[in-house]
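Read off the chains here:
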Amino acid sequence: MEKTSKIYIAGHRGLVGSAIVETLKAKGYDNLVFRTHKELDLKDTEAVATFFTKEKPEYVFLAAAKVGGIVANNTYRADFIYENLMIQNNVIHQSYVHGVKKLMFLGSTCIYPKLAPQPMPENSLLTDTLEYTNEPYAIAKIAGIKMCESYNIQYGTNFLSVMPTNLYGYNDNFDLEKSHVLPALIRKMHLAKLYAAGDTDAVMEDLGVTAFAKAEKILHQYGITKSSVEIWGSGAPKREFLWSRDMAEACVFLLENRNFKDVAEGLSEIRNTHINIGTGEDTSIKSLALLIKNTVGYTGELTFNTSKPDGTMRKLTDVSKLHSLGWKHKVSLEEGVDKLYTWYLAQ
Ligand SMILES: NC(=O)C1=CN([C@@H]2O[C@H](COP(=O)(O)OP(=O)(O)OC[C@H]3O[C@@H](n4cnc5c(N)ncnc54)[C@H](OP(=O)(O)O)[C@@H]3O)[C@@H](O)[C@H]2O)C=CC1
Ligand SMILES: C[C@H]1O[C@H](OP(=O)(O)OP(=O)(O)OC[C@H]2O[C@@H](n3cnc4c(=O)[nH]c(N)nc43)[C@H](O)[C@@H]2O)[C@@H](O)[C@@H](O)C1=O
């Protein structure tokens, strides 16, 4: 990949996409192309074909998707499978039609069985049943992996798949209902701290409402009281968290250094050519909540609402393949949570 190569970043304003844009720019790649969701709905097959005909990108990072936390996945099951299948089918197929030199598809570690061996190696894919809460999303992601692999085998394309662990960072989704746990708990404890201190204006500003009664209704809806914050589930599940800029650095590193033909060489049956991206370290949701409590400076109580789903109890990535290629994450969870809260306060 040359510094002048034309690179399309689908989802360039998202958590990962925006970090990939920053990383590419920092490495001197200066021919980047992107479209906002409004400008180009990637579910629209004809519009995607027209875009590829016009722009003819040489490289593609497919970081656009319908993404959300455990409750969003479990609630909008049809949207998660339909939208993700449409987006990835369109972008992967048009990348083949228009001779894209290399594409990177972003999956997720939820593709692995609910009870996969821990840490989860790449070859545990399709060896057992999936976690129910995000099965539609996981099936779409598995389809994306298989689509890349199948186009590579049949058409000789060079489409890579990466399986990221839970990610967090700048431009994350902080929606109280649809977000992932880490940004959700940062915002909930931040709001609880303001609420306990009686800073009603700051609470209303954060929630974007002009009446405090409305603000209090939202706070209570999400288990935030004057003296406590509700954590979903038991707090026992363990999760791994990778800083989004580290994720982006790993994506660019792999796109620059990894090729399907090298990975598939010698395989009689070509499968599991995807690669995990993570830290290889996990923590319980309860420990994460205590870390965020300390970082935010929240002094109230934490309660655990077990009517909310725990999801899979553990999904630690086996990152030995990634480490063997010479890449390792830099930002620790403690440092990342601190950086993200500082960023959140500045928004
Ligand atoms: N965040 C995480 O913890 C993890 C994420 N991943 C994967 O990483 C990738 C990036 O995720 P992340 O950055 O967190 O997600 P975000 O939601 O932050 O970003 C997704 C981007 O895709 C865009 N998008 C969504 N639907 C469409 C559409 N129909 N047409 C055009 N653009 C669209 C969104 O635009 P808009 O907001 O304007 O709709 C947004 O910019 C995804 O493939 C995700 O599955 C994998 C594991 C963990
Ligand atoms: C990246 C990954 O993300 C999702 O899987 P998940 O990791 O289960 O998602 P999550 O971050 O929402 O929850 C992790 C744990 O945290 C607990 N939890 C506590 N309190 C809150 C809370 O306030 N919000 C949220 N969202 N979770 C909370 C929650 O109950 C669960 O036990 C899927 O999209 C999946 O497909 C995927 O790819």
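The shown structure was predicted, so the numbers you read here are calculated from the model rather than taken from an experiment.

Trainee: If you had to explain the overall build of the protein chain to someone new, which residues and values would you point to?
Mentor: The helix and strand tally for the protein chain stands at 13 helices and twelve strands. Computed over the C-alpha atoms, the radius of gyration of the protein chain is 21 Å, within 12% of the 20 Å expected from 2.2 N^0.38 for a compact globule of 347 residues. C-alpha atoms of the protein chain, sized along the principal axes, occupy 60 × 40 × 35 Å. Look at the contacts in the protein chain between residues 6 or more apart in sequence, and 79% of them connect residues 24 or more apart.

Trainee: Requested: an account of the site of ligand 2, with residues and values cited.
Mentor: Close to ligand 2 lie 23 residues; Gly-68, Ser-108, Lys-188, Pro-309 and Asp-310 are nearest. At 2.9 Å, a backbone N or O of Val-181 approaches an oxygen atom of ligand 2. For ligand 2, an oxygen atom lies 2.6 Å from a polar atom in the backbone of Asp-310. Its free accessible area being 690 Å², ligand 2 has 98% of it covered by the protein chains. Counting only elements with at least two residues in the shell around ligand 2, the list comes to helix H3 (70-75), helix H6 (181-196) and strand E7 (228-232). Considering every element that reaches the shell around ligand 2, the biggest residue donor is H6, with four residues. The class makeup of the residues in the shell around ligand 2 is eleven nonpolar, eight polar and four charged. Residue-level mapping places the shell around ligand 2 at the junction of two domains, with at least three residues from each of domain 1 (7-170 + 240-280 + 315-331) and domain 2 (181-236 + 283-313 + 341-345).

Trainee: Any details on the side chain of Arg-77? Residues and values, ideally.
Mentor: Along the polypeptide, Arg-77 turns up in helix H4 (residues 77-97). Arg-77 has contacts with Tyr-132, Thr-133, Glu-135 and Pro-136, leaving out every residue within four places of it along the chain.

Trainee: Can you tell me about the site of ligand 1, naming the residues and giving the values?
Mentor: In the neighbourhood of ligand 1, 25 residues make up the surrounding shell, with Leu-15, Val-16, His-37, Tyr-137 and Lys-141 lying closest. A distance of 3.4 Å separates an oxygen atom of ligand 1 from a polar backbone atom of Gly-14. Measuring from an oxygen atom of ligand 1, one finds a side-chain N or O atom of Lys-141 at 2.8 Å.

Trainee: An account of unusual backbone geometry is requested, with residue identities and associated values reported.
Mentor: It is generally the case that most residues other than glycine have a negative phi and that most peptide bonds are trans. The omega torsion across Gln-118 and Pro-119 is -5°, close enough to zero to call that bond cis. With respect to the helices and strands, the residue Pro-119 is situated in the loop between strand E4 (102-106) and helix H5 (135-155). Positive phi values are uncommon outside glycine, yet Leu-126 reaches one of about 65°. Examined against the element boundaries, Leu-126 turns out to sit in the loop between E4 and H5. Not every positive phi belongs to a glycine, and Asn-272 is a case in point at roughly 55°. One can find Asn-272 in the loop between helix H10 (260-264) and strand E10 (275-277). A residue is classified by how much of its surface remains accessible, and Asn-272, at 17% relative accessible area, is buried.

Trainee: Now, about the domain arrangement of the protein chain: what can you tell me, with residues and values included?
Mentor: Interface size is often expressed as the accessible area that is lost when the parts come together. In terms of domains, the protein chain is made up of domain 1 (7-170 + 240-280 + 315-331) and domain 2 (181-236 + 283-313 + 341-345). Each partner contributes residues to the interface: domain 1 has nine residues there, and domain 2 has ten residues. Both faces combined, the contact of domain 1 with domain 2 buries some 1000 Å², and carbon together with sulfur accounts for 81% of it. Sorting the residues of domain 1 by area buried against domain 2 places Ile-70, Tyr-170 and Phe-241 first, and these three jointly supply 47% of that buried surface. At the junction of domain 1 and domain 2, the tally comes to zero salt bridges. In terms of residue class, the side of domain 1 that touches domain 2 is made up of five nonpolar, one polar and three charged.

Trainee: So, the nonpolar core: which residues are in play, and what are the values?
Mentor: Counting residues in each nonpolar core, the largest one holds 39 residues, and the members touching the most others are Leu-182, Met-189, Val-203, Leu-207, Ile-231, Ile-292 and Leu-333. Only H6, helix H7 (200-207), helix H8 (212-221), E7, strand E9 (241-243), helix H11 (285-296) and helix H13 (333-346) provide two or more residues apiece to this core. The element that contributes the greatest number of residues to this core is H6, accounting for eight residues. If you count residues domain by domain, this core takes at least three from each of domain 1 (7-170 + 240-280 + 315-331) and domain 2 (181-236 + 283-313 + 341-345). Sequence-distant contacts of Ile-231, defined by excluding residues within four places in its chain, comprise Leu-185, Met-189, Ile-285, Ala-289, Leu-302, Thr-303, Phe-304 and Asn-305. Residues Leu-62, Ala-72, Phe-105 and Tyr-151 belong to the second largest nonpolar core, which totals 35 residues.

Trainee: Lay out the UniProt feature "domain: NAD-dependent epimerase/dehydratase" (unreviewed entry) in the protein chain in plain terms, naming residues and giving numbers.
Mentor: Mapped onto this numbering, the UniProt entry gives "domain: NAD-dependent epimerase/dehydratase" (unreviewed entry) at residues 7-263. Span residues 7-263 is 48% helix and 13% strand, its end C-alpha atoms 23 Å apart.

Trainee: Before we move on, could you go through the packing of H11 against H13 and cite the residues and values that matter?
Mentor: The N-to-C vectors of H11 and H13 enclose an angle of 45°; their axes lie 10 Å apart at closest approach. Here H13 runs oblique to H11, going by the angle between their axes. For H11 against H13, the interelement crossing comes out right-handed. Judged by residue contacts, Leu-288, Leu-291, Ile-292, Thr-295 and Val-296 of H11 engage Leu-333, Glu-334, Val-337, Asp-338 and Tyr-341 from H13. A per-class count over the contact of H11 with H13 returns seven nonpolar, one polar and two charged.

Conventions adopted
- Residues numbered from 1 in each chain as written.
- Chains lettered and ligands numbered in written order.
- Predicted model: local features only at pLDDT ≥ 70, side-chain atom pairs only at ≥ 80, totals over all residues.
- Heavy atoms only, no water.
- Helix = DSSP H or I, 4+ residues; strand = E, 2+ residues; numbered from the N terminus.
- Rg over C-alpha atoms; globule rule 2.2 N^0.38 Å.
- Contact = heavy atoms within 4.5 Å.
- Near = heavy atom within 4 Å.
- Polar contact = N/O pair within 3.5 Å; in protein donor to acceptor, adjacent residues only side chain to side chain.
- Areas by Shrake-Rupley, 256 points an atom, 1.4 Å probe, with all protein chains shown as cover.
- Nonpolar A, V, L, I, M, F, W, Y, C, P; charged D, E, K, R; others polar.
- Domains from an automatic or database assignment.
- Buried < 20%, exposed > 50% of the residue type's maximum accessible area, 1.4 Å probe, protein only.
- Buried area = accessible area lost by both parts, 1.4 Å probe.
- Salt bridge = Lys/Arg side-chain N within 4 Å of Asp/Glu carboxyl O.
- Core = buried A, V, L, I, M, F, W, Y, C linked by side-chain atoms within 4.5 Å.
- UniProt positions renumbered as here; feature names shortened; annotations may be inferred.
- Axes fitted to C-alpha atoms, helices over the stretch in contact; angles between N-to-C directions.
- Parallel < 35°, antiparallel > 145°, perpendicular 65-115°, else oblique.
- Left-handed = near helix turned anticlockwise from the far one by under 90°.

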